[in-house]
Amino acid sequence: MRLSRYFLPTLKETPAEAQIASHRLMLRTGMVRQGAAGIYSWLPLGLRVLKKIEAIVREEQDKAGAIEMLMPTIQSSELWEESGRYEDYGKEMLRIEDRHGRHMLFGPTNEEMITDIFRREIKSYKDLPINLYHIQWKFRDEIRPRFGVMRGREFLMKDAYSFDLTPEDGVKSYNAMFVAYLRTFARMGLKAIPMRADTGPIGGDLSHEFIVLADTGESEVFFDKGFDKFDPLAVQPNFGDDLQPIVDQWTSLYAATEEMHDDTNCPVSDDSLIKGRGVEIGHIFFFGDKYSKPMGASVQNAEGKPVDVQMGSYGVGVSRLAGAIIEASHDDNGIIWPEAVAPFKVGLMNLGPKDENCTKTCDTIYEELQEKGVEVLYDDRSVGAGAKFTNMDLIGLPWQIALGKRGLENGVAELKNRVTGEKQEVAINDIASKLAS
Ligand code: ATP
Ligand code: MG
């Protein structure tokens, strides 16, 4: 992508309304713009990041055996009256009346809708287990939307729903999501800790929140320092593997949010307990027949008797993750994108835009990178070198290539790693292949 033809409205000034680094940086880099409180447009750069996050979430869900579908954003109130949550959900639910006076709502979550789909279509234990998910916008009329996309009103969520015949099988489905979440967040460069959680309005028996540490996080958290030893990406399960030992390993260490933590009964000694703040990026629940019973979602078992199915639900805050990743990975100069979610892998800067040779050589590098499938943002604008460097650091692409007249004379370009700040000179002819590998 040529920057001269891109839509990247960066800001020099720090926007006054943004209180935390990720919000400031998302505005400054032109990733998002606010439409109304807690409601954002994703501009081209932001959308590229959102799509990458989404793709990682999708890959790990698919690998864990979940099946993607898509449910609408607008729902009818009827199903929520059946489950009893229409009243309970309170003011966070955006209620809408259609032209016929029917009560509709913008979905804050989809337990009711998926349970309805399930009960209409699935009648036999032979069709279980099944786990269905979608990645869809949600709306919650948060009392205090803040921190940009971290606590929005409209936000993108991956939500999966598992259906099993027995509670034991339900726990297996829960474990599959638990492990998928560990892998998902690690692939984005995040250290997420599963913490035993309160089940809240979704209700149920078993629940974990996945929390990444950040000083600006909304929850206070307490956990054993031993988590450092675990490597989520070392876990590469195959579909159907027994995952209980892995879940047992992760849950053997103490980790709790404020609501669940009790200082006097904490099993961890003071010198092993870390206190911090964190952001919830995922939340999983096993809640048995909480929805299947009132909504009549049952299947016939092997004896031909109807049994209410055992359900779980599994959420990932896809749009919140964009903010959480920046919160975890930035410096004074800007964002530092982990390669897996970076909007482009490389930023190419032409430092001699008025020089015909320099421009020609940069154009060639740009074309070579594209041919090799390397995502590149090419700063071909007629602005000073200083402005280009500052802008590239702000956007935070993992690699920067700078080529000016002096480099051209020596046949080398400068390659900078945004994480380490390390610079090296690379022969112009080799640079595209180097970045492709
Ligand atoms: P929170 O405690 O942060 O309000 P929640 O417990 O209400 O979240 P869940 O119902 O568990 O959220 O939703 C699943 C995931 O969706 C959360 O783990 C979070 O990552 C994301 N999420 C929830 N609310 C918001 C929001 N207002 N803005 C952005 N993401 C959100
Ligand atoms: Mg939650």
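Residues numbered from 1 in each chain as written. Chains lettered and ligands numbered in written order. Predicted model: local features only at pLDDT ≥ 70, side-chain atom pairs only at ≥ 80, totals over all residues. Heavy atoms only, no water.

Here the domain parsing of the chain yields domain 1 (3–335) and domain 2 (344–436). Each partner contributes to the interface: domain 1 provides 15 residues, whereas domain 2 provides 13 residues. For the pair domain 1 and domain 2, the two sides together bury roughly 1,300 Å², of which 57% comes from carbon and sulfur. Viewed at the interface, domain 2 and domain 1 are joined by three salt bridges. The salt bridge partner of Glu-375 is Lys-52, with a shortest N-O separation of 2.5 Å. Broken down by secondary-structure element, the contributors of at least two residues to the side of domain 1 that touches domain 2 are α1 (21–28), α2 (44–63) and β18 (334–335). With three residues, α2 is the single largest residue contributor to the side of domain 1 that touches domain 2. (Domains from an automatic or database assignment. Contact = heavy atoms within 4.5 Å. Buried area = accessible area lost by both parts, 1.4 Å probe. Salt bridge = Lys/Arg side-chain N within 4 Å of Asp/Glu carboxyl O. Helix = DSSP H or I, 4+ residues; strand = E, 2+ residues; numbered from the N terminus.)

Now for the sheet that holds strand β21 (residues 399–403). Taken in spatial order, the five strands of this open sheet run β20-β19-β21-β22-β23, and their pairing is mixed. Each end of this open sheet is capped by a strand with a single partner; those strands are β20 (376–379) and β23 (423–427). Averaged over all neighbouring strand pairs, the angle between strand axes comes to 25 degrees, with direction disregarded. Inspection of the sheet shows strand β19 (residues 346–350) paired to β21 by five bridges, in the parallel sense. Paired with Val-346 across the strands is Trp-399, a residue of β21. With respect to the sheet, helix α10 (residues 356–371) is in contact with β19, β20 and β21, its orientation differing from that of β19 by roughly 165 degrees. (Pairing = 2+ DSSP bridges. Axes fitted to C-alpha atoms, helices over the stretch in contact; angles between N-to-C directions.)

In this section: the site of ligand 1. The immediate surroundings of ligand 1 are formed by 14 residues, with Arg-140, Glu-142, Arg-151, Gly-152 and Glu-280 found nearest. Take Met-150: an N or O atom from its main chain is 3.5 Å from a nitrogen atom of ligand 1. Residue Gly-152 places a main-chain N or O atom 2.8 Å away from a nitrogen atom belonging to ligand 1. Bound to the protein, ligand 1 loses 84% of the 580 Å² it would expose on its own. Those elements giving two or more residues to the shell around ligand 1 turn out to be β8 (154–164) and β13 (273–288). Of the residues assigned to the shell around ligand 1, the class counts are five nonpolar, four polar and five charged. (Near = heavy atom within 4 Å. Polar contact = N/O pair within 3.5 Å; in protein donor to acceptor, adjacent residues only side chain to side chain. Areas by Shrake-Rupley, 256 points an atom, 1.4 Å probe, with all protein chains shown as cover. Nonpolar A, V, L, I, M, F, W, Y, C, P; charged D, E, K, R; others polar.)

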